[in-house]
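Spelled out, the chains give:
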Amino acid sequence: MEATDVKISLVIIAFNEEDKLANCINSAKEVVDDILVVDSYSTDQTVLIAGSLGARVIQNPFEGHIEQKNFALQNAYYEHVLSLDADEALSEQLRNNILKIKSNWQADAYKMNRLTSYCGKWIRHGTWYPDRKIRLFKKDAGSWKGSNPHDRFDVREGKNISFIKGDILHYTMDNISDHLKQMDYFTEIMARDLHKAGKKSNYLKLIFSPMIKFVMAYFVRLGILDGYYGLVIALNSAHASFLKYAKLMDFNRRGIEK
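In what follows, the accompanying structure is described. (Residues numbered from 1 in each chain as written. Predicted model: local features only at pLDDT ≥ 70, side-chain atom pairs only at ≥ 80, totals over all residues. Heavy atoms only, no water.)

**Focus: the nonpolar core**
L82, I98 and L136 are the most contacted members of the largest nonpolar core, which totals 31 residues. Counting residues per element, the ones that place at least two in this core are β1 (8-14), α1 (21-28), β2 (34-39), α2 (46-52), β4 (80-85), α4 (92-102), β6 (109-118) and β11 (161-171). Sequence-distant contacts of L136, that is, excluding residues within four places in its chain, are made with I8, V81, L82, I98, I101, W105, A109, Y110, M112 and I164. Listed in part, the 16 residues of the second largest apolar core include V38, A76, F153 and V155. (Core = buried A, V, L, I, M, F, W, Y, C linked by side-chain atoms within 4.5 Å. Buried < 20%, exposed > 50% of the residue type's maximum accessible area, 1.4 Å probe, protein only. Helix = DSSP H or I, 4+ residues; strand = E, 2+ residues; numbered from the N terminus. Contact = heavy atoms within 4.5 Å.)

**Concerning the side chain of Q68**
Along the chain, Q68 turns up in helix α3 (residues 65-74). Among the residues examined, Q68 registers a relative accessible area of 1% and is labelled buried. Setting aside its immediate chain neighbours within four residues, Q68 contacts I13, V38, D39, S40, N60, P61 and F62.

**Here we look at a negative patch on the surface**
Together, E18, D19, D174 and D178 make up a negatively charged patch on the protein surface. Looking at where E18 falls in the secondary structure, it is placed in the loop between β1 and α1. (Patch = residues over 30% accessible without salt bridge, like charges linked within 9 Å, V, L, I, M, F, W, Y side chains within 5 Å. Areas by Shrake-Rupley, 256 points an atom, 1.4 Å probe, with all protein chains shown as cover. Salt bridge = Lys/Arg side-chain N within 4 Å of Asp/Glu carboxyl O. Lys, Arg positive; Asp, Glu negative; His and termini not counted. Charge placed at Lys NZ, Arg CZ, Asp CG, Glu CD.)

**Considering the packing of aromatic side chains**
Counted according to the given criterion, the structure contains 13 aromatic pairs. Where W144 meets F153, the ring centres are 5.5 Å apart and the plane angle is 75 degrees; that geometry is what we call edge-to-face. Taken as a pair, W144 and F153 share a single burial class, namely buried. Every member of this aromatic cluster is reached through a ring pair, and the members are Y118, W128, Y228 and Y229. A cation sits over an aromatic face here: K69 above W144, 4.5 Å from the ring centre. (Phe/Tyr/Trp six-rings, centres within 6.5 Å; stacked < 30°, edge-to-face > 60°. Lys NZ or Arg CZ within 6 Å of the ring centre and 35° of its normal.)

Honestly, it's all geometry; don't read function into it.
Following this line, the structure appears as structure tokens:
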């Protein structure tokens, strides 16, 4: 295939993302040839914004991040796919390097760093950076797997992966209260999925998992260099670990239906 023939579909899953979706789409419009937004029945202006920016919109019930991303992948128009979350955008360097890849596509999949903005500060250390993600790939290179809500693109055996310089810019929580709400929501999903898989919690996990999380994030991975918010993130990561195993133990003890 001639390099100039490579066309890319941008796929995004969204729910009530009217504040961030336009930034996501506009950051990638230069490098893609098709835009698909899979919306799980937003109640705000997400669908109207997507349509106004030239995106195809398919509405599909949300059963989980992994399921929704695989649905979006199946409905991508082109063989080559760029997958972004609605609260993400391409940095200028990453955008330029993807343009170069379009004219010389070599790998089955490409990974890149993700840089997160937390309460207005870019977090460059700890467990949040470089946070490498596979987001550019051929449709037949793999599929979305993992454990909800933490999806990952799993490349099939025999497929090759290359690295692209540049960052996915992740515009996450604007305040600590939003982070706490997300932690409660995500740990509920994780605990339920672990319970459904037959996993068990215990007192050792309740006590030591949060401690290990904090030490890794703050000291080993140098979250201390991110100042006040580095400390907040490390403590919240530890607390999220506690919540996950505490909720799992609660499900185990109460015999919640799997």
